[in-house]
Amino acid sequence: MFVSDFRKEFYELVQSQRVLLFVASDVDALCACKILQALFQCDHVQYTLVPVSGWQELETAFLEHKEQIKLLIKQDDDLEVPAYDDIFRDEEEENEEHSGNDSDGSEPSEKRTRLEEEIVQQTMKRRQRREWEARRRDILFDYEQYEYHGTSSAMVMFDLAWMMSKDLNDMLWWAIVGLTDQWVQDKITQMKYVTDVGILQRHVSRHNHRNEDEENTLSVDCTRISFEYDLRLVLYQHWSLHDSLCNTNYTAARFKLWSVHGQKRLQEFLADMGLPLKQVKQKFQSMDISLKENLREMIEESANKFGMKDMRVQTFSIHFGFKHKFLASDVVFATMSLMESPEKDSSGTDHFIQALDSLSRSNLDKLYLGLELAKKQLRATQQTIASCLCTNLVISQGPFLYCSLMEGTPDVMLFSKPASLSLLSKHLLKSFVCSTKNRRCKLLPLVMAAPLSTEQGTVTVVGIPPETDGSDRKNFFGRAFEKAAESTSSRTLHNHFDLSVIELKAEDRSKFLDALVSLLS
């Protein structure tokens, strides 16, 4: 079930059926799934949940459940699907266009006239074919290029619940987490994020409004969502401030913490704020209350002096009673880490279910487990970035930058999964842009490879668009990877829903990269 055009009318058609949900391994998709599950439970709709991590699993699941699947559509629905003739041409038309009429110059005048007419017709058909091919290229380009448009899946599901007057505070929180996931992974622009935050803020005010009197006070175990301007520091409320500063890509890249000079700048930053190291290096919850009360203002003021003018961001937090508080980004990192856990004893489905459960307030133990995994992942990310930059592993291949993680690198298996490797690549590219003095390299995209399976001799390859401030960050690597693999007969697997992530045989890496350089030059 695809949620990009999931409307109330379609949901009403679904209610009389047993629903089959194919859910991708993505935080936004998980949040959309949670909202849809809650709606189904309200309306007593039977459903089957099938997690899929890629196209192969989707195809296998579809074949296993094909007898249950039927297309529900109203006759007046406009799905904006291209016409058949805009995509395909019959073989007879192909043969007609390629069939020629040989002539030896001795035909009678009638045959010559007929031949001239046929030549004119052939010319018109060739022109029509060129126009058709151009139109087809434009259509396929729109369909095949990997770029995020519109609203997150979770927000689409919440909008559906709101239109049906069945929206709950939990659903609203899942929509917030889904949107934050897109922002954390750079899938949407800052402007789109701010716009959608404004939409969700109105819902937050509606759901969490109360009068300040005894009759309307909240119970000790209630759920409360609030909008706030908070620090752009990962997991700082569940970590130490020092660890958060060192493992947040925004601060690590601008301080250049992989260098001795960067470490000195961090010390100067802390000194400028007037925060003792003993306080900074202990758990945030254990810091003196007097320091925590003005911490945001102190950090923002000092950050402006050090050129970090975007230290505060618009976000949301949730309180479960008086003890448990989480920022939306905290939940995103925790859920992502649970979903791509490197534990070999558990299957991908087990990780999916665990991540899905962590989104419910009844499973806070799993959410806290995800936070610990996220800390490990963030530490490994910054250590890997420092290693790549200090040993000059990021090299220019001409039209793009290239970096390869070798087997035996510490924590390398943490980056064998697509989301983890993509996030590492984006953070590495941002850090490289902050560190290099080469203006041309600052405008280049990045291709990164990491070992996937030693036994099968495969690597995961991901392509990241250039690091720019503009809103136009299209990722063309999906098609480029396909073309490079075709031209060199490289053994690749294009299995991920993210087309810019592929699996490649390590033996074919050299010729694949050569073809990619030639293609993009």
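Residues numbered from 1 in each chain as written. Predicted model: local features only at pLDDT ≥ 70, side-chain atom pairs only at ≥ 80, totals over all residues. Heavy atoms only, no water.

The protein chain is annotated in an unreviewed UniProt entry as Cell division cycle 45 from Marmota marmota marmota. In its Subcellular location (unreviewed entry) section, the UniProt entry covering the protein chain states "Nucleus". Annotation of the protein chain in UniProt includes, under Sequence similarities (unreviewed entry), the sentence "Belongs to the CDC45 family." (UniProt positions renumbered as here; feature names shortened; annotations may be inferred.)

Draft legend 1. Quick look at the pattern of salt bridges. All told, the structure shown has 17 salt bridges when counted by the stated rule. Arginine 312 is paired through a salt bridge with glutamate 297; the nearest N and O atoms lie 3.2 Å apart. Taken together, the positions of arginine 312 in strand 4 (residues 312-320) and glutamate 297 in helix 15 (residues 295-305) put the pair 15 residues apart, joining distant regions of the chain. Judged by its relative accessible area of 24%, arginine 312 falls in the partly exposed class. Here glutamate 297 falls in the partly exposed class, since its relative accessible area comes to 43%. With its nearest N and O atoms 3.1 Å apart, the salt bridge here joins lysine 375 to glutamate 372. Of this pair, lysine 375 and glutamate 372 both sit in helix 18 (residues 364-390), 3 residues apart, roughly one helical turn. (Salt bridge = Lys/Arg side-chain N within 4 Å of Asp/Glu carboxyl O. Helix = DSSP H or I, 4+ residues; strand = E, 2+ residues; numbered from the N terminus. Buried < 20%, exposed > 50% of the residue type's maximum accessible area, 1.4 Å probe, protein only.)

Draft legend 2. Structural detail: the packing of helix 16 (residues 328-339) against helix 17 (residues 348-357). Here helix 16 crosses helix 17 at 160°, and the two axes come no closer than 7 Å. Relative to helix 17, the element helix 16 lies roughly antiparallel. In the packing of helix 16 onto helix 17, the handedness of the crossing is right-handed. Within the contact between the two elements, helix 16 uses Thr335, Leu338 and Met339 and helix 17 uses His351, Gln354 and Ala355. When its residues are assigned to classes, the contact of helix 16 with helix 17 shows 3 nonpolar, 3 polar and no charged. (Axes fitted to C-alpha atoms, helices over the stretch in contact; angles between N-to-C directions. Parallel < 35°, antiparallel > 145°, perpendicular 65-115°, else oblique. Left-handed = near helix turned anticlockwise from the far one by under 90°. Contact = heavy atoms within 4.5 Å. Nonpolar A, V, L, I, M, F, W, Y, C, P; charged D, E, K, R; others polar.)

Draft legend 3. Representation of the packing of helix 2 (residues 27-43) against helix 8 (residues 169-184) in the model. It is at 8 Å that the axes of helix 2 and helix 8 come closest, and there the two elements cross at 165°. By the criterion of interaxial angle, the relationship of helix 2 to helix 8 is roughly antiparallel. The handedness of the crossing between helix 2 and helix 8 comes out as left-handed. From helix 2, Val27, Asp28, Cys31, Lys34, Ile35, Ala38 and Leu39 reach across to helix 8, where they touch Met171, Trp174, Ala175, Val177, Gly178, Asp181 and Gln182. Each residue belonging to the contact of helix 2 with helix 8 can be placed in one class, and the counts come to 9 nonpolar, 2 polar and 3 charged.

Draft legend 4. Just the nonpolar core, in detail. Counting residues in each nonpolar core, the largest one holds 65 residues, and the members touching the most others are Trp173 and Ile176. Those residues within four positions of tryptophan 173 in sequence are excluded, and the remaining contacts are Ile225, Phe316, Ser317, Ile318, Phe326, Leu327, Ala328 and Val331. (Core = buried A, V, L, I, M, F, W, Y, C linked by side-chain atoms within 4.5 Å.)

Draft legend 5. Looking closely at the sheet that holds strand 5 (residues 324-327). Taken together, the 3 strands give an open sheet; going across it, the order is 3-4-5, and neighbouring strands pair in antiparallel fashion. At either margin of the open sheet sits one strand with a lone partner, and together these are strand 3 (223-231) and strand 5. In this sheet, adjacent strand axes meet at a mean angle of 25° when their direction is disregarded. Pairing of strand 3 with strand 4, which is carried by 9 bridges, proceeds in the antiparallel orientation. Counterpart to tyrosine 229 in the pairing with strand 4 is glutamine 314. Of the strands in this sheet, strand 3 and strand 4 are in contact with helix 9 (residues 190-207), which crosses strand 4 at around 35°. Here helix 16 sits on the sheet and contacts strand 4 and strand 5; the angle it forms with strand 5, its principal contact strand, is near 85°. (Pairing = 2+ DSSP bridges.)

Draft legend 6. View of empty space enclosed by the protein. Under the defined criterion, the tally for this structure stands at 2 cavities of 30 Å³ or more. Its volume calculated, the largest cavity comes out at about 190 Å³. As for the largest cavity, its lining consists of 16 residues, of which Ser337, Ala374, Gln377, Leu378 and Ser420 are closest to the centre. If you list the elements that add at least two residues to the lining of the largest cavity, you get helix 16, helix 18 and helix 19 (418-435). At 6 residues, helix 18 tops the list of elements feeding residues into the lining of the largest cavity. For the lining of the largest cavity, the per-class residue count stands at 9 nonpolar, 5 polar and 2 charged. Put simply, the second largest cavity is a space of about 40 Å³. Residue composition of the lining of the second largest cavity, by class: 6 nonpolar, 2 polar and 1 charged. (1 Å grid on protein atoms, 1.4 Å probe; cavity = no way out; pocket = protein on both sides within 12 Å on 5 of 7 lines; lining within 4 Å. Points joined across faces, edges and corners; volume = space filled by probe spheres on them.)

Draft legend 7. Highlighting the side chain of threonine 460. Relative to the helices and strands, threonine 460 resides in strand 9 (residues 458-464). Polar contacts involving the side chain of threonine 460 include one to the main-chain carbonyl oxygen of serine 416, which spans 3.2 Å. With sequence-adjacent residues up to four places away left out, threonine 460 is seen in contact with Ser416, Leu421, Met448, Ala449, Ala450, Leu452, Val501 and Ile502. (Polar contact = N/O pair within 3.5 Å; in protein donor to acceptor, adjacent residues only side chain to side chain.)

Draft legend 8. Representation of the packing of aromatic side chains. One pass over the full model with this rule turns up 12 aromatic pairs. Where phenylalanine 481 meets phenylalanine 512, the ring centres are 5.7 Å apart and the plane angle is 50°; that geometry is what we call tilted. Pair noted here: phenylalanine 481 is in helix 20 (residues 477-488) and phenylalanine 512 is in helix 21 (residues 509-520), with a separation of 31 residues, a long-range link. Residue classification places phenylalanine 481 among the buried residues on the basis of a relative accessible area of 0%. Looking at phenylalanine 512, the relative accessible area reads 1%, which means it is buried. Taken together, the ring pairs in this structure connect Phe227, Tyr229 and Phe316 into an aromatic cluster. (Phe/Tyr/Trp six-rings, centres within 6.5 Å; stacked < 30°, edge-to-face > 60°.)

Draft legend 9. View of the sheet that holds strand 6 (residues 395-396). Strand order across the open sheet formed by 6 strands is 6-7-8-9-11-10, with mixed pairing between neighbours. Two strands lie at the open edges of the sheet, namely strand 6 and strand 10 (492-493), each paired on one side alone. Sheet topology note: the strand 8 (residues 446-453)/strand 9 ladder contains 7 bridges and is antiparallel. Paired with leucine 446 across the bridge in strand 9 is isoleucine 464.

Draft legend 10. Main features of helix 17. The set of residues buried in helix 17 consists of His351, Phe352, Ala355 and Leu356. Looking straight down helix 17, one finds that the buried residues subtend no more than 135° of arc, so they occupy a single side. (Arc of directions from axis to C-beta.)

Draft legend 11. Spotlight on helix 16. Over its 12 residues, helix 16 runs 17 Å from end to end, which matches the ideal 16 Å to within 8%, given 1.5 Å per residue. If you check which residues of helix 16 are buried, you get Ala328, Ser329, Asp330, Val331, Val332, Phe333, Ala334, Thr335, Met336, Ser337, Leu338 and Met339. (Expected span 1.5 Å × (residues − 1).)

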